[in-house]
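Letter by letter, the chains look like this.
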Amino acid sequence: MTHVAVVGAGAAGTMAALHLLRRKDSRALRLSLIDPETGTGPGVPYRTADPRHLLNVPAGKLSADVTVPLEFVKWLGNNGLPGAGPEDFVPRGLFGRYLSGEFEGARDDRVTRIHRRAVAVTRQGDGLSVALGNGDNVQADAVILAAGPNIPGTSWAPTWLRDSTVFVDDPWRPGALDDIPEGGDLLLVGTGLTMADMACTLRSPGRVVHAISRSGLLPRAHRPRPSSPVSAPTFTMDRGHVLERSVRYIQDVIAEGGDACAAVDALRPRAGVLWAGMTVDEHEQFLRKYRRLWDIHRHRMAPQTAARIDDDIADGALRIHRAELRDSAASGVGARVTLSTGQVLDVCRVINCTGPQYDITTGTDPLWSRLLASGLVRPGPLNLGLDTDPDGKLAPGDAPMWTLGPLRRGNLWETTAFVEIRAQAEGLAALIGS
Ligand SMILES: Cc1cc2nc3c(=O)[nH]c(=O)nc-3n(C[C@H](O)[C@H](O)[C@H](O)COP(=O)(O)OP(=O)(O)OC[C@H]3O[C@@H](n4cnc5c(N)ncnc54)[C@H](O)[C@@H]3O)c2cc1C
């Protein structure tokens, strides 16, 4: 009997659990799924109850079971959206409910769902022991770490702001938006997908929502129909020239009349190989110079979200600034903030929309600091997530521990989307469950 402890019951942990349970040879398996959340499946992105927060992938690509491609579309049809089709972008909360349902359907006496926080993992003979927040321990033969990270960093915020009630440090924390006044202007820090969701949620008559970022660039929109096909990349992976060739490929596509989104889509299946082929210098250059450009073309807004954002920009309700936050102080309405452009704004809240913080060395969860200090795991390249082998086994590799999803960012770069998580979960189940 193999006992697998999965830490984290968001999309990644739940998909790993589902794949393990569905294996034909998994009768000799015991599974503990550890996460303090009430739900199993939604994790951070898919627990939102706001119907304006849409998936940024069409429903037809999001089946939990890759052998039944339209399973999620069928689920939508049976759960209040009879007209939903594979091309539709539907509320993320529905996807969370679907994943929960899949887990509940597969759950049986092999599974223990533990609603606690894991605070440490240590060696125990040939296996591992997961320490829980209440002092209990779970002994396991193998551990899958699937605990995010999807929490945004706050080190950019001035001290006064960070300590003040005007600051919303993590807009995805349940209840984080509850006490935002109906009126009063807002400052959203970040201009990516989280900003787009927050701008949709918090728009209100007479309110101006300001959004700032260094680039001032917004994610592109998904188009109802793809642009004309572009030729697939064929360049060679010469050491030290991978980034330059990738950038040139995108420039060539644009010069030939294609669009950057199509070029990024064509590169994406090779993203892991390209990332692994880059030198440290190239990684650093990518993060400094091209990351934002990659992200806005790769992680696109659902068409409905993009239309709302366009409307709000057109009528002045949403103002995008290419700026950083320089200073903040208390004011009558909440905070007076000074931007690097010199502009001064009076806002009732400042909302952190900077997105997940992938630097594993800066998080506050003791699970990571203890694991790193113990040497059982080490940070991934550039401190992004944790270092793994190509199968997701955690380096240095002498403990039976694996990970998947956002925690593999340093090794793979493109590893946060559900479709990537699904493929990794299947691979892990084949390795651990056999
Ligand atoms: C706002 C947002 C929207 C997104 N939208 C999309 C989308 O539309 N399509 C798409 O493909 N991808 C999307 N993504 C990407 C997304 O990261 C992945 O799809 C996926 O949700 C990652 O799952 P996860 O389980 O690794 O992380 P999470 O969802 O963060 O789940 C981690 C879980 O671990 C638990 N946990 C944390 N610490 C501990 C601990 N110490 N002990 C026990 N449990 C712990 C948490 O409670 C949480 O439930 C989105 C991401 C974000 C942040």
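Residues numbered from 1 in each chain as written. Predicted model: local features only at pLDDT ≥ 70, side-chain atom pairs only at ≥ 80, totals over all residues. Heavy atoms only, no water.

1. A few points about the site of the ligand
And step 1. Taken together, 31 residues form the shell around the ligand, and within it Asp35, Tyr46, Asn56, Ala118 and Phe418 come nearest.
And step 2. Contacts to the ligand include Ala11, whose backbone N or O atom sits 3.2 Å from an oxygen atom.
And step 3. Between the ligand and the protein, one listed contact pairs an oxygen atom with a backbone N or O atom of Asn56 at 2.8 Å.
And step 4. Where the shell around the ligand is concerned, the elements lending two or more residues are helix H1 (11-22) and helix H13 (418-432).
And step 5. Of the residues that constitute the shell around the ligand, the class distribution is 19 nonpolar, seven polar and five charged. (Near = heavy atom within 4 Å. Polar contact = N/O pair within 3.5 Å; in protein donor to acceptor, adjacent residues only side chain to side chain. Helix = DSSP H or I, 4+ residues; strand = E, 2+ residues; numbered from the N terminus. Nonpolar A, V, L, I, M, F, W, Y, C, P; charged D, E, K, R; others polar.)

2. Section: unusual backbone geometry
And step 1. Omega for the peptide link from Ala395 to Pro396 comes to 10°, which places this bond in the cis form.
And step 2. Its location among the elements puts Pro396 in the loop between helix H11 (366-374) and strand E16 (401-403).
And step 3. Phi is positive for Leu382, which is not a glycine, with a value near 60°.
And step 4. Looking at where Leu382 falls in the secondary structure, it is placed in the loop between H11 and E16.
And step 5. For Leu382, a relative accessible area of 31% corresponds to the partly exposed category.
And step 6. Located in the positive-phi region is Trp413, a residue other than glycine, with phi close to 65°. (Buried < 20%, exposed > 50% of the residue type's maximum accessible area, 1.4 Å probe, protein only.)

3. A word on the packing of aromatic side chains
And step 1. A complete count under the given rule lists twelve aromatic pairs for this structure.
And step 2. Centre to centre, the rings of Phe95 and Tyr98 are 5.8 Å apart; their planes meet at 35°, and the pair counts as tilted. In this pair, Phe95 and Tyr98 are both assigned in helix H3 (residues 92-106), three residues apart and thus about one turn of the helix distant.
And step 3. Arranged with centres 5.7 Å apart and planes meeting at 75°, the rings of Trp275 and Phe286 form a pair that is edge-to-face. On the criterion of sequence distance, the pair formed by Trp275 in helix H8 (residues 271-277) and Phe286 in helix H9 (residues 280-298) is long-range, its members being eleven residues apart.
And step 4. Since its relative accessible area comes to 2%, Trp275 is described here as buried.
And step 5. An aromatic cluster of at least three residues, connected via ring pairs, comprises Tyr46, Phe72, Trp75, Phe95, Tyr98 and Phe418.
And step 6. Just above the ring of Tyr358 sits the side chain of Arg409; from NZ or CZ to the centre is 4.5 Å.
And step 7. A cation sits over an aromatic face here: Arg409 above Trp413, 3.9 Å from the ring centre. (Phe/Tyr/Trp six-rings, centres within 6.5 Å; stacked < 30°, edge-to-face > 60°. Lys NZ or Arg CZ within 6 Å of the ring centre and 35° of its normal.)

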